[in-house]
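So you can see what is in the structure, the chains are spelled out below.
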Amino acid sequence: MVQRREPTARQLRLGVELRRLREAAGLTAVQSAALLGANRVQMSHIESGLTGVSEERLRRLASHYACTDVEFIDALVEMATDRTRGWWEEYRGLLPTSFLDLSEMEHHARSLRHVAILYVPGLLQTEDYSRSVFSSRLPELTSDELELRIQHRKARQQFTIPYEAVIHEAALRIRVGDRATSTVQLARLLELSEADHITLRVIPFDLDGFAMASSTMTYVGGRLPRLDTVVRDALHGTAFIDSEAQLNTYRTSFRKVEAASLEPGQSREFIHRLAKEL
């Protein structure tokens, strides 16, 4: 197959899962390559996402690796054979690759969870709120770059899968723009909280003895739990986390955050009271 110059996060993940299966089987890349009539470099390219793998070859590898999890193999085949050219591709070369990788993940996700500390989650932001957030970025964006990010974020908001957001009171009170921007944003949250597929919870300041709400994260639910991904934003860029040990840590963290937050009905009342204070 043609070698890719820049594999997407989804393509990289497929390669990672194939490498994990190989290592669990105790085989070297050279041994696995021989099973396909390929060489070590070709196997390395498959496991690094630089080249694709056909369904026949993938199933042959899974058989040699003694993987009997049919549902997992089918999920990998879906990843390998999907040729979807999503809406995000129109932004390729115009926005950072991580923006497109996140859009692709969300498109294929079965569920989404978010913990927000300082900002309202991007999927729930109004256009003016997003504009204020992006306008504060350093280095400063040009007007064209700013508009592209806003358009991309609005396109991401057209989701229908189950979404649960736990938002700290700080994110609701911090004015990233002016008073009017905050007022409209809170009203938008109240509106979205009524949607069947969206669940909003709030962590108030006066919650006693709780230190788990210090970390913003997005938890992307895959077709199977072992294909979940955690997305973390940092100053150096976006990190996609997929090791089982780390996923378990973040699952536990989210459960604790969720358990300590207000119930959805109480959260709506909290947001409504806060909106009246502005």
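Residues numbered from 1 in each chain as written. Predicted model: local features only at pLDDT ≥ 70, side-chain atom pairs only at ≥ 80, totals over all residues. Heavy atoms only, no water.

> What is the right way to look at helix H3 (residues 40-47) in this model?
Structurally, the α-helix is built with 3.6 residues per turn, so residues lying three or four positions apart point the same way. Along H3, the residues that are buried comprise Met43, His45, Ile46 and Glu47. Buried positions along H3 lie against helix H1 (9-24), helix H2 (29-36) and helix H4 (55-64). Gly49 sits one or two positions beyond H3 and adopts a positive phi of about 80 degrees. (Buried < 20%, exposed > 50% of the residue type's maximum accessible area, 1.4 Å probe, protein only. Helix = DSSP H or I, 4+ residues; strand = E, 2+ residues; numbered from the N terminus. Contact = heavy atoms within 4.5 Å.)

> Help me understand the side chain of Ser103, please; the structure alone is not making it clear to me.
With respect to the element layout, Ser103 can be found in helix H6 (residues 97-108). Dropping the residues within four chain positions of it, Ser103 is found in contact with Trp87, Trp88, His152 and Arg156.

> Would you explain the nonpolar core in this entry?
Burial of nonpolar side chains together is a common tendency in soluble globular proteins. Ranked by internal contacts, the top residues of the largest apolar core, which has 29 residues, are Leu112, Leu124, Tyr163, Ile167, Leu172, Leu189 and Ile198. Those elements that provide at least two residues to this core are H6, strand S1 (111-116), helix H7 (127-135), strand S2 (163-168), helix H9 (169-173), helix H10 (179-192), strand S3 (198-203) and helix H12 (264-277). (Core = buried A, V, L, I, M, F, W, Y, C linked by side-chain atoms within 4.5 Å.)

> I'm lost on the packing of aromatic side chains in this one. Help?
The relation between two aromatic rings is expressed through the spacing of the ring centres and the mutual angle of the planes. As enumerated under the stated definition, the model contains 3 aromatic pairs in all. Ring centres of Trp87 and Trp88 lie 5.9 Å apart, and the angle between their planes is 80 degrees; this geometry places the pair in the edge-to-face category. Residue classification places Trp87 among the partly exposed positions, given a relative accessible area of 30%. Judged by centre distance (5.3 Å) and plane angle (50 degrees), the rings of Phe159 and Tyr163 are tilted. Here the two residues Phe159 and Tyr163 agree in accessibility, since each one is buried. Ring-pair connections join several aromatic residues into one group, and the members of that group are Trp87, Trp88 and Tyr91. Sitting over the face of the ring of Phe72, Arg226 holds its NZ or CZ atom 3.6 Å from the ring centroid. (Phe/Tyr/Trp six-rings, centres within 6.5 Å; stacked < 30°, edge-to-face > 60°. Lys NZ or Arg CZ within 6 Å of the ring centre and 35° of its normal.)

> I would appreciate a short explanation of the sheet that holds strand S6 (residues 237-241) in the present structure.
Across a sheet, strands are paired by hydrogen bonds formed along the backbone, either parallel or antiparallel in direction. In space, the 6 strands of this open sheet follow the order S3-S2-S1-S4-S5-S6, with mixed pairing throughout. Each end of this open sheet is capped by a strand with a single partner; those strands are S3 and S6. When strand polarity is set aside, the average angle formed by the axes of neighbouring strands in this sheet is 15 degrees. Note that S2 and S3 share 6 bridges and pair parallel. Bridge assignment links Ile167 to a residue of S3, and that residue is Val202. (Pairing = 2+ DSSP bridges. Axes fitted to C-alpha atoms, helices over the stretch in contact; angles between N-to-C directions.)

> Got a minute to help me understand the pattern of salt bridges in this structure?
Pairing between side chains of opposite charge can happen when the charged atoms of each approach one another. The tally for this structure, following the rule as stated, stands at 25 salt bridges. The residue Arg226 makes a salt bridge to Asp69 at a minimum N-O spacing of 3.4 Å. Here the residue Arg226 occupies a position in the loop between strand S4 (217-221) and strand S5 (229-234), and Asp69 occupies one in the loop between H4 and helix H5 (70-81), the gap between them amounting to 157 residues. Accessibility expressed as a relative area gives 33% for Arg226, which makes it partly exposed. For Asp69, a relative accessible area of 30% translates into the label partly exposed. (Salt bridge = Lys/Arg side-chain N within 4 Å of Asp/Glu carboxyl O.)

> Teacher, can you tell me more about the environment of Ala9 here?
By secondary structure assignment, the location of Ala9 is in helix H1. The exposure class of Ala9 is buried, given its relative accessible area of 8%. Note: C-alpha distance between Ala9 and Ser193 (184 residues apart in sequence) is 30 Å. Leaving out residues up to four positions away in the same chain, Ala9 has contacts with Asp101, Met105 and Phe240.

Bear in mind that shape data such as this cannot, by itself, settle questions of function.
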